[in-house]
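# Examination of the molecular architecture
The primary structure of each chain is shown beneath.
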Amino acid sequence: DLYRAQYQQSVPVKYLAQRLALFIHQYTLYSTLRPFGCNVLLGGWDPVYGSALFMLEPSGTCFGYKGYAVGKAKQNAKTEIEKLLPTQAETNCEQMVKEAAKIIYTVHDAVKDKNFILELSWVGKMSSGCHQLVTGPAFDAAEAFAKQAMEDSDDED
């Protein structure tokens with residue numbers, strides 16, 4: 001509320017990410033504080049600055065990305081995301097959700113990994129800048145798209 005009172009607008013995602021990174025970094029400086037042990041993906045959208053995605057590391061470093069992945073199969077997922085980036089400008093959000101579901105299904109190793117429940121969410125113009133779970137027809141279409149892509153790749157093998 002302090003930012004809104006001073007600047008008469010919502011906090012931009014970049015500013016929020018930088019402030020949060022400073023806070024996380026403080027925990028690495030003192031021996032009496034235990035550092036954070038996780039990466040944070042912070043994304044948002046506003047009418048002035050558009051969409052933004054930041055990754056904050058436990059060390060307090062903060063980087064902006066067009067797409068990023070964290071976790072067990074992050075390198076495979078990042079490779080798939082990089083293939084999408086040239087086409088991202090002309091792709092709508094519903095198609096990007098389908099591609100995200102496809103990437104999640106693609107990098108999941110059914111032999112080594114546990115079963116998972118797919119959950120997707122988005123932040124953008126369609127949600128007025130608020131974080132929302134993808135539900136209903138959009139979710140069903142994304143999951144069907146991902147499963148079909150997996151079947152198609154299995155048929156090619």
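Just so it is clear, the model here is predicted, and its values are computed rather than measured.

With that settled, the discussion passes to helix α3 (residues 74-84). Along α3, the residues classified as buried are A77, K78, I81 and L84. Burial along α3 is one-sided: seen end-on, the buried residues are contained in an arc of 110°. Opposite the buried face of α3, by more than 90 degrees, sit the exposed residues E82 and K83.

In this section: the pairing of strand β1 (residues 40-46). One ladder, built from seven bridges, connects β1 with strand β2 (residues 50-56); its direction is antiparallel. By the bridge assignment, G43 is partnered in β2 with L53. Adjacent in sequence and paired antiparallel, β1 and β2 are bridged by three residues.

With that settled, the discussion passes to the layout of surface pockets. The computed volume of the largest pocket comes to approximately 1800 Å³. Every residue lining the largest pocket is counted, 47 residues in all, and those nearest its centre are L53, G67, Y68, A100 and S121. Counting only elements with at least two residues in the lining of the largest pocket, the list comes to β1, β2, β3 (62-65), α3, α4 (93-107) and β4 (121-122). Here the lining of the largest pocket gets seven residues from one element, more than from any other, and that element is α4. Classifying every residue of the lining of the largest pocket by side-chain character gives 28 nonpolar, 13 polar and six charged. If you add up the space inside the second largest pocket, you get close to 260 Å³. The set of elements that each furnish at least two residues to the lining of the second largest pocket consists of α2 (13-29) and β1.

About the criteria used
Residues numbered from 1 in each chain as written. Predicted model: local features only at pLDDT ≥ 70, side-chain atom pairs only at ≥ 80, totals over all residues. Heavy atoms only, no water. Buried < 20%, exposed > 50% of the residue type's maximum accessible area, 1.4 Å probe, protein only. Helix = DSSP H or I, 4+ residues; strand = E, 2+ residues; numbered from the N terminus. Arc of directions from axis to C-beta. Pairing = 2+ DSSP bridges. 1 Å grid on protein atoms, 1.4 Å probe; cavity = no way out; pocket = protein on both sides within 12 Å on 5 of 7 lines; lining within 4 Å. Points joined across faces, edges and corners; volume = space filled by probe spheres on them. Nonpolar A, V, L, I, M, F, W, Y, C, P; charged D, E, K, R; others polar.

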